[in-house]
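Structure assessment
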Amino acid sequence: MRVLAGRYCLITLSLLFTFCKAIAESAPENLDLNTLLPEQTPLQFSTRSLKDCLQSVGVGMTHTRDFEGQTLQPVSKTSIFNQSFVTFIKESYNQKNYADVLSQDGYHIIQFFELCNELNLDIETTYVILRLYKIKLDSAEIIDASVCNQIIHSLPLLPERFFEHGEIIPEAKTNLTFLKQHIEDSMLSKLTSHYHQFQEQPGEFVTSIADDIAHSLDSQVEKIKQNVQKHMIQERFRQMILRFLNAVLGKAIWSQHSPEGIWSSFIEISHGLQLLATHGIINHMDDLDELLWLVTHRMCFFLDLSGWTLPLEFYEEVEDDLENKLVYFLETKEQDDDIRSKKDMLSDALLQAKVKAIAFHKKGVMAHHFVETNIPKNSLFPDAAPVMGDSIRPARLYP
């Protein structure tokens, strides 16, 4: 029996080797694996983006039958998009791990920005979808800083018509001088061309002029209403973008395992925010300043949390840039007088983190072994145990 089993194994291995060899020989010499492998990462591939749903639904919904089921009718792009959106919500958005997908890669959001131009989506639809992305990201605990970078630099993909700067009420018409000028022009034109009618039927002539004036006034008022409505929608959308950016940047975190890209990522994010102002997406200096403050606070938080693990070369790079004033937004004057600047706060955070990094790399002292002991005895608890010392006591990792 053992001999038969051994022969069976040898025959099986021989057949398997022959099969693999035949596949290898039949494959083209210049086989490009990039054409066979999907572009998405495994995490992305497990969930479908809105664009993926649109492509799959669009292929199967080119035509539909009428009410009686007799004739085929072409399906509108709006119907295809609505069906795709419902599919996306059910299959991807409602998944429990979708917030993790978005927090680790901005691929789906960037595709959505591209769709806005490709499908010529209106601002109301774009607002609804962006709001849903913001709600989903609210449930994420942290967001990779690379995702923040992706999103910020992709926002200019949104149609420029969403951020057009138009006058709500034309300046020349705010004091109704346009109405006075129109009345004068209308009366002069009517009297010149219909003078005989004015002599024979003065009542009807005056009524005709009044109707023209009323029609012109109604037309101008309607234009003003449309401009006001458009402006309100644009401002509401712009405020949604600001809330979206606050939600993303407020949870940004860098990877301590890739220290070489941390500082450049911080600079790129701040630069991207300033570019949003040039595109009109951010239209007030206070809004831009608050976002830059938020990025600065997140960097200070990251340094306090993980700065002790970063190599000393990281601190040398940052200190060199700060000393040579290479980070533009850190050199500009603060919006508010007499407050500590972003540069000062970042410098303090860098100094404290660098001390811990030196202690770790040269002395083996870990950050969580630093114990805060500079808390004074609380007068509300007179029986509390005495405080030991007034400084930070490092605990050695090694004897």
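Computed from a predicted structure; not experimentally measured.

What counts and how
Every chain is numbered on its own, with residues counted from 1 as its sequence reads. Owing to the predicted nature of the model, reporting of local features is limited to residues with pLDDT of at least 70; listing and counting of side-chain atom pairs is limited to 80 or more, with chain, interface and lining totals taken over all residues. Each side-chain value is derived from all of the structure's non-hydrogen atoms; neither hydrogens nor water enter the calculation. Secondary structure elements follow DSSP: runs of H or I of four or more residues count as helices, runs of E of two or more count as strands, with numbering from the N terminus. A 1.4 Å probe rolled over the protein chains alone gives each residue an accessible area, and that area as a share of the maximum for its type sets the label: buried under 20%, exposed over 50%, partly exposed in between. The contact criterion used is simple: two residues touch if any of their non-hydrogen atoms lie within 4.5 Å. For the accessible areas, the method is Shrake-Rupley and the probe is 1.4 Å, while residue cover comes only from the protein chains on display. Between N-to-C directions, angles span 0 to 180 degrees; the directions come from axes that are lines fitted to C-alpha atoms, helices contributing only their stretch in contact. Oblique is the label for any angle not under 35 degrees, not over 145, and not in the 65 to 115 range, which are roughly parallel, roughly antiparallel and roughly perpendicular in turn. The residue classification treats Ala, Val, Leu, Ile, Met, Phe, Trp, Tyr, Cys and Pro as nonpolar and Asp, Glu, Lys and Arg as charged. All others, Gly included, are polar. The predictor's confidence in any single residue is recorded as pLDDT, a number from 0 to 100. We count Lys and Arg on the positive side and Asp and Glu on the negative side, and we leave His and both chain ends out. Salt bridges are counted wherever a side-chain nitrogen of Lys or Arg sits within 4 Å of a carboxyl oxygen of Asp or Glu. Stacked, tilted and edge-to-face pairs are distinguished by plane angle, under 30 degrees for stacked and over 60 for edge-to-face with tilted covering the rest, among Phe, Tyr and Trp rings (Trp via its six-membered ring) whose centres lie within 6.5 Å. Two limits define a charge over a ring: the Lys NZ or Arg CZ must be within 6 Å of the ring centre, and within 35 degrees of the ring normal. Each patch is built from residues lacking any salt bridge and having more than 30% relative accessible area; the joining distance is 9 Å for like charges and 5 Å for nonpolar side chains (Val, Leu, Ile, Met, Phe, Trp, Tyr). In plain terms, the charge of a residue is placed at NZ if it is Lys, CZ if Arg, CG if Asp and CD if Glu. Any pair of N or O atoms that falls within 3.5 Å is considered a polar contact. Within protein, one atom must be able to donate a hydrogen and the other to accept it, and sequence-neighbouring residues count only if both atoms are side-chain atoms.

1. Focus on the overall build of the protein chain
Assigned secondary structure in the protein chain consists of 16 helices and four strands. Each of the 399 residues in the protein chain was classed as buried or not, and the buried ones make up 35%. Nonlocal contacts in the protein chain, meaning residues at least 24 apart in sequence, comprise 75% of its contacts between residues at least 6 apart. When the accessible surface of the protein chain is totalled, it reaches about 25,500 Å², and 57% of it is carbon and sulfur.

2. A few points about the packing of helix 6 (residues 107–118) against helix 8 (residues 145–154)
Packing of helix 6 against helix 8 brings their axes to within 9 Å, and their N-to-C directions diverge by 5 degrees. Taken together, helix 6 and helix 8 sit at an angle that is classed as roughly parallel. Residues Ile109, Ile110 and Phe113 of helix 6 form the contact with helix 8, whose participating residues are Gln150, Ile151 and Ser154. A breakdown of the residues in the contact of helix 6 with helix 8 according to their chemical character gives four nonpolar, two polar and no charged.

3. Section: the confidence of the model for the protein chain
Per-residue confidence for the protein chain averages 78 on the pLDDT scale, and 70% of its residues sit at or above 70. Here residues 33–45 scores under 50 on pLDDT; set against residues more than four positions off or in separate chains, the count is twelve contacts. The low-confidence segment residues 60–64 (pLDDT under 50) makes 14 contacts with residues lying over four places distant or belonging to another chain.

4. Re unusual backbone geometry
For Asn120, which is not glycine, the phi dihedral falls at a positive 55 degrees. With phi around 55 degrees, Lys325 is a residue other than glycine that occupies positive phi space. On the secondary structure map, Lys325 appears in the loop between helix 14 (312–323) and helix 15 (328–331).

5. Notes on the side chain of Asp287
When you line up the elements, Asp287 lands in helix 13 (residues 285–306). Salt bridges are absent for the buried Asp287, whose nearest opposite-charge side chain, Arg238, sits at 7.1 Å. Not counting chain neighbours up to four residues away, the residues in contact with Asp287 comprise Leu242 and Ile282.

6. Things to note about the pattern of salt bridges
One pass over the full model with this rule turns up eleven salt bridges. Salt-bridge contacts for Lys134 lead to Asp138; the nearest nitrogen and oxygen are separated by 3.1 Å. Linking Lys134 with Asp138, this pair stays in helix 7 (residues 123–138), spanning four residues, or about one helical turn. When salt bridges with common partners are traced through the structure, they connect Lys51, Glu114 and Glu118 into a single cluster.

7. Remarks on the packing of aromatic side chains
Taken as a whole, this structure holds 16 aromatic pairs when the rule is applied. Here Phe88 and Tyr93 contribute two aromatic rings whose centre-to-centre distance is 6.4 Å and whose plane-to-plane angle is 55 degrees, an arrangement assigned as tilted. For the residue pair Phe88 and Tyr93, the accessibility class agrees, reading buried in each case. Under the relative-accessibility criterion, Phe88 is labelled buried at 2%. An aromatic cluster of three or more residues is present, and its members are Phe88, Tyr93, Tyr98, Phe112, Phe113 and Tyr133. When the ring centre of Tyr93 is taken as reference, the NZ or CZ atom of Lys136 above it lies at 4.5 Å.

8. Observations concerning a negative patch on the surface
On the surface, a cluster of negative charge is made up of Asp286, Glu290, Asp336, Asp337 and Asp338. Within the secondary structure, Glu290 is located in helix 13.

9. Focus on the packing of helix 13 against helix 16 (residues 342–363)
The geometry of helix 13 relative to helix 16 is characterised by a closest axis approach of 9 Å and an angle of 10 degrees between their N-to-C directions. Relative to helix 16, the element helix 13 lies roughly parallel. In this structure, helix 13 contributes Asp289, Leu292, Trp293, Thr296, His297, Met299, Cys300, Leu303 and Asp304 to the contact, and helix 16 contributes Lys342, Met345, Leu346, Ala349, Leu350, Ala353 and Lys356. Among the residues making up the contact of helix 13 with helix 16, the classes are represented as ten nonpolar, two polar and four charged.

10. Quick word on the side chain of Lys342
Tracing the chain through its elements places Lys342 in helix 16. Only 2.8 Å separates the side chain of Lys342 from the side chain of Glu334, close enough to count as a polar contact. When residues no more than four places from it in sequence are discounted, the contact partners of Lys342 are Asp289, Leu292, Trp293, Thr296, Phe329, Leu330 and Glu334.

11. Description of the environment of Lys354
Looking at where Lys354 falls in the secondary structure, it is placed in helix 16. With 42 residues separating them in the primary sequence, Lys354 and Leu312 have C-alpha atoms 7.3 Å apart.

12. Points about the environment of Ile80
Relative to the assigned elements, Ile80 resides in helix 4 (residues 77–93). The exposure class of Ile80 is buried, given its relative accessible area of 14%.

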